[in-house]
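Summary of the model geometry
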Amino acid sequence: MANANSLIEYDPRLFLFKALSELGELENVPTERIDELNRQIVAIMNKRSIMEPVDISKLSELQTVARDVVLRLNLGLEHGSKLNLIRARHLLLHNDMIRFYQIGNTLMTKLKRDVEAIQQRARLTIAESGMVQIGAHPESVMEIPLLSQMEEDFLSALMDEHLIIDEVVAVIESTREQAQPIEQFSQVEIADGLLKNLDFRLDCLQTLPLYLITKEKDLRYVESMEWSEDLAGKITCGMMVNLAIDGRRHFCVTFDNIRKFSENCIEAARVSEAIEEKLLAWLIEYLETHQATEAVIDYAYDYWMYWLNRLGRHLQKPIADSDVLRDWFIL
């Protein structure tokens, strides 16, 4: 097995190494303490190598374990010190490294569990009877993703402990060209914030009368539904158009209703203020009636605003291509 000390790659960007460097430069800190901290890091690496299926004869696998340990230690120290170097030095003097590793490991484990929970929920399942509901169901004969492909990619990358976004948003519109390994607590906060938003979106969708979709049409036979891009967005846009035109809470739209919405509700590349206020007031009242939390209501407001803005820009142009509309609505 390679020397564990040689596997620890010094990374000046990491808060952990900055704190250790400053600690080593203090005159009142004995060198024995610095040596002990380094031995503890090596001990954690060795334990990880034993507990996980790692081929200790392969340097690359050992380097991966070493890097994972260092990143979790960094997360734990950043979380505990709130990025205050003075506090970080104090924590390092009076705590074993295992404590920071456990904190960092807990943070990553929670993120992954939240990802798995959302992946389980973020499906519209359809039973043989035609019943539609959110989440896995033993009698389902068809499952359609509710999230966009970019959001699915975000979840997949997060399971690999990588981040492909730079900020918390209502809807992911773009991702980084290269995924970044999660190595800082600020990245954990970004990932956690977006996971919460996705959870709030699913909570909001779950309050909607999805059984109405069954009455409108059987989604198993709707063209292109199996690979529908951003089904949650389609459900939202369809409901907003129908509410604005005739007050119906349905999700599937007709070409006639889209045309009426485009002609009567769009002004200067945006949904008219009166229609916008009407739809948002309905949304808030509906969610409050169904006892949604304040956090879900706040997110749902931002989510509907996002789609109202996009609809305003998209539907200002004459509607000519039905295939384009299928990217936005359930027809």
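Provided above is the structure to which this section pertains.
All figures in this text were calculated on a predicted structure; none of them were measured in a lab.

**Quick look at the overall build of the protein**
Along its length, the protein carries 14 helices and 7 strands. Per-residue burial over the protein gives 48% buried out of 331 residues. The long-range share in the protein, meaning contacts at least 24 apart out of those at least 6 apart in sequence, stands at 66%. Accessible surface, the protein as shown: approximately 16800 Å² in total, 49% of it carbon and sulfur.

**Examining the packing of helix α12 (residues 273–289) against helix α13 (residues 294–314)**
Packed helices, taken two at a time, are described by the angle their axes make and the gap between the axes. Put simply, α12 and α13 touch, their axes get as near as 10 Å, and they point 150° apart. Relative to α13, the element α12 is oriented roughly antiparallel. Crossing hand, α12 versus α13: right-handed. Two secondary-structure elements touch here, α12 through Glu 276, Leu 279, Leu 280, Trp 282, Leu 283, Ile 284, Leu 287 and Glu 288 and α13 through Ile 297, Ala 300, Tyr 301, Trp 304, Met 305 and Leu 308. Its residues assigned to classes, the contact of α12 with α13 comprises 12 nonpolar, no polar and 2 charged.

**Looking at the side chain of Asp 230**
Mapped onto the fold, Asp 230 is located in the loop between α9 (211–216) and α10 (231–246). In contact with Asp 230, other than residues within four places in its own chain, are Leu 146, Leu 147, Ser 148, Tyr 303 and Trp 307.

**Topic: the layout of surface pockets**
Considered as a void within the structure, the largest pocket measures approximately 230 Å³ in volume. Considering the residues around the largest pocket, the lining is formed by 14 residues, among which Ser 148, Glu 229, Asp 230, Trp 307 and Arg 310 are closest to the centre. Of all the secondary structure elements, the ones that give two or more residues to the lining of the largest pocket are α10 and α13. When grouped by side-chain class, the residues that make up the lining of the largest pocket number 6 nonpolar, 2 polar and 6 charged. Put simply, the second largest pocket is a space of about 160 Å³. The wall of the second largest pocket is formed by Ala 43, Ile 44, Lys 47, Arg 48, Met 51, Glu 52, Ile 98 and Tyr 101. Looking at the lining of the second largest pocket, the elements with two or more residues in it are α3 (31–51) and α6 (97–121). Residue contributions to the lining of the second largest pocket peak at 5 residues, all from α3. Broken down by class, the residue content of the lining of the second largest pocket amounts to 5 nonpolar, no polar and 3 charged.

**As for helix α5 (residues 85–94)**
Within the sequence span of α5, burial applies to Ala 88, Arg 89, Leu 91 and Leu 92. End-on view of α5: buried residues confined to an arc of 160°, all on one side of the axis. Set apart from the buried face of α5 by more than 90 degrees, the exposed residues are Ile 86 and His 94. One side-chain oxygen of the residue at the start of α5 lies 2.9 Å from the amide nitrogen of Ile 86, identifying that residue as Asn 84.

**Remarks on the packing of helix α8 (residues 185–207) against α13**
Here α8 crosses α13 at 90°, and the two axes come no closer than 9 Å. Taken together, the axes of α8 and α13 are roughly perpendicular relative to one another. Mapping the contact onto sequence places Asn 197, Phe 200, Arg 201, Asp 203 and Cys 204 in α8 and Ala 295, Val 296, Tyr 299, Ala 300 and Tyr 303 in α13. Tallied by class, residues from the contact of α8 with α13 come to 7 nonpolar, 1 polar and 2 charged.

**Things to note about the pattern of salt bridges**
In this structure the tally under the stated criterion is 20 salt bridges. Salt-bridge contacts for Lys 110 lead to Asp 192; the nearest nitrogen and oxygen are separated by 3.7 Å. Of this pair, Lys 110 sits in helix α6 while Asp 192 is found in helix α8, placing the two residues 82 residues apart along the sequence. Assessed through its relative accessible area of 42%, Lys 110 is described here as partly exposed. Since its relative accessible area comes to 19%, Asp 192 is described here as buried. Each of Lys 110, Asp 114, Asp 192 and Lys 196 takes part in a single network of salt bridges with overlapping partners.

**Remarks on the environment of Tyr 299**
Relative to the assigned elements, Tyr 299 resides in helix α13. Its relative accessible area of 4% is what places Tyr 299 among the buried residues. The spatial distance from the C-alpha of Tyr 299 to the C-alpha of Lys 196 is 9.5 Å, given a sequence separation of 103 residues. Apart from residues lying up to four places away in sequence, Tyr 299 is in contact with Ala 170, Asn 197, Phe 200 and Arg 201.

**A look at α12**
The periodicity of an α-helix, 3.6 residues per turn, causes residues three or four positions apart to be oriented the same way. Look at α12: 24 Å from first C-alpha to last across 17 residues, which is about the 24 Å you get at 1.5 Å a residue. Check the buried side of α12 and you find it contacts α8, α10, α11 (255–265), β7 (270–271) and α13. With its phi angle positive at about 60°, Gln 291 sits one or two positions after the end of α12.

Calculation rules
- Residues numbered from 1 in each chain as written.
- Predicted model: local features only at pLDDT ≥ 70, side-chain atom pairs only at ≥ 80, totals over all residues.
- Heavy atoms only, no water.
- Helix = DSSP H or I, 4+ residues; strand = E, 2+ residues; numbered from the N terminus.
- Buried < 20%, exposed > 50% of the residue type's maximum accessible area, 1.4 Å probe, protein only.
- Contact = heavy atoms within 4.5 Å.
- Areas by Shrake-Rupley, 256 points an atom, 1.4 Å probe, with all protein chains shown as cover.
- Axes fitted to C-alpha atoms, helices over the stretch in contact; angles between N-to-C directions.
- Parallel < 35°, antiparallel > 145°, perpendicular 65-115°, else oblique.
- Left-handed = near helix turned anticlockwise from the far one by under 90°.
- Nonpolar A, V, L, I, M, F, W, Y, C, P; charged D, E, K, R; others polar.
- 1 Å grid on protein atoms, 1.4 Å probe; cavity = no way out; pocket = protein on both sides within 12 Å on 5 of 7 lines; lining within 4 Å.
- Points joined across faces, edges and corners; volume = space filled by probe spheres on them.
- Arc of directions from axis to C-beta.
- Polar contact = N/O pair within 3.5 Å; in protein donor to acceptor, adjacent residues only side chain to side chain.
- Salt bridge = Lys/Arg side-chain N within 4 Å of Asp/Glu carboxyl O.
- Expected span 1.5 Å × (residues − 1).

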